[in-house]
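The lines below spell out each chain.
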Amino acid sequence: YTMKKDGKQKIGVLAQDVKEVFPELVTKDRNERLAVNYQGLIPVLINALNEQQRQIKTIKKEFLKNK
């Protein structure tokens, strides 16, 4: 999401979306509002990028081989 507050722009992810995949990274505060553990999300995102790069390399190799 993108939100403007107090003249500043904030960028984040929806806690409900994260909770579906990584419920351990989402907590509730006293007012029952959901909060994302962004620090815990960093390794997940790095691993996803690494996996994506491996897939790109494989696809690229196959493409060049069949060209």
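Residues numbered from 1 in each chain as written. Predicted model: local features only at pLDDT ≥ 70, side-chain atom pairs only at ≥ 80, totals over all residues. Heavy atoms only, no water.

Caption draft 1: Local environment of the environment of Lys61. Tracing the backbone through its elements, the reader meets Lys61 in helix H2 (residues 38-65). Overall, the relative accessible area of 61% leaves Lys61 in the exposed class. (Helix = DSSP H or I, 4+ residues; strand = E, 2+ residues; numbered from the N terminus. Buried < 20%, exposed > 50% of the residue type's maximum accessible area, 1.4 Å probe, protein only.)

Caption draft 2: Examining the nonpolar core more closely. Core analysis: the biggest nonpolar cluster contains six residues, these being Ala15, Val18, Leu25, Val26, Val36 and Leu41. Contact partners of Val36, with chain neighbours within four places excluded, come to Val13, Ala15, Val18, Leu25 and Leu41. (Core = buried A, V, L, I, M, F, W, Y, C linked by side-chain atoms within 4.5 Å. Contact = heavy atoms within 4.5 Å.)

Caption draft 3: Here's a closer look at the layout of surface pockets. Space inside the largest pocket adds up to approximately 160 Å³. If you trace the largest pocket, you find it lined by Tyr1, Met3, Val13, Ala15, Leu34, Ala35, Val36 and Tyr38. Of the residues forming the lining of the largest pocket, the biggest block, three residues, is contributed by strand E4 (residues 34-36). (1 Å grid on protein atoms, 1.4 Å probe; cavity = no way out; pocket = protein on both sides within 12 Å on 5 of 7 lines; lining within 4 Å. Points joined across faces, edges and corners; volume = space filled by probe spheres on them.)

Caption draft 4: View of unusual backbone geometry. The backbone phi angle of Asp6 is positive, close to 55°, even though this residue is not glycine. As for its position among the elements, Asp6 is in the loop between strand E1 (2-5) and strand E2 (8-11). For Glu32, which is not a glycine, the phi torsion comes out positive at approximately 70°. Among the structural elements, Glu32 can be located in the loop between strand E3 (26-28) and E4. For Glu32, a relative accessible area of 54% puts it in the exposed group.

Caption draft 5: Focus on the pairing of E2. For E1 and E2, the ladder comprises four bridges, and the chain directions are antiparallel. If you follow Lys4 over to E2, its bridge partner there is Gln9. (Pairing = 2+ DSSP bridges.)

Caption draft 6: The environment of Asp29, seen in detail. Structurally, Asp29 can be placed in the loop between E3 and E4. Polar contacts involving the side chain of Asp29 include one to the main-chain amide nitrogen of Asn31, which spans 2.9 Å. Here the side chain of Asp29 touches Arg33 through a polar contact of 2.8 Å, landing on its backbone nitrogen. (Polar contact = N/O pair within 3.5 Å; in protein donor to acceptor, adjacent residues only side chain to side chain.)

Caption draft 7: Structural context of the environment of Lys28. Its location among the elements puts Lys28 in strand E3. Distance in space between the C-alpha atoms of Lys28 and Gly7 is 27 Å, their sequence separation being 21 residues. A polar contact is formed between the side chain of Lys28 and the side chain of Glu32, at a distance of 3.3 Å.

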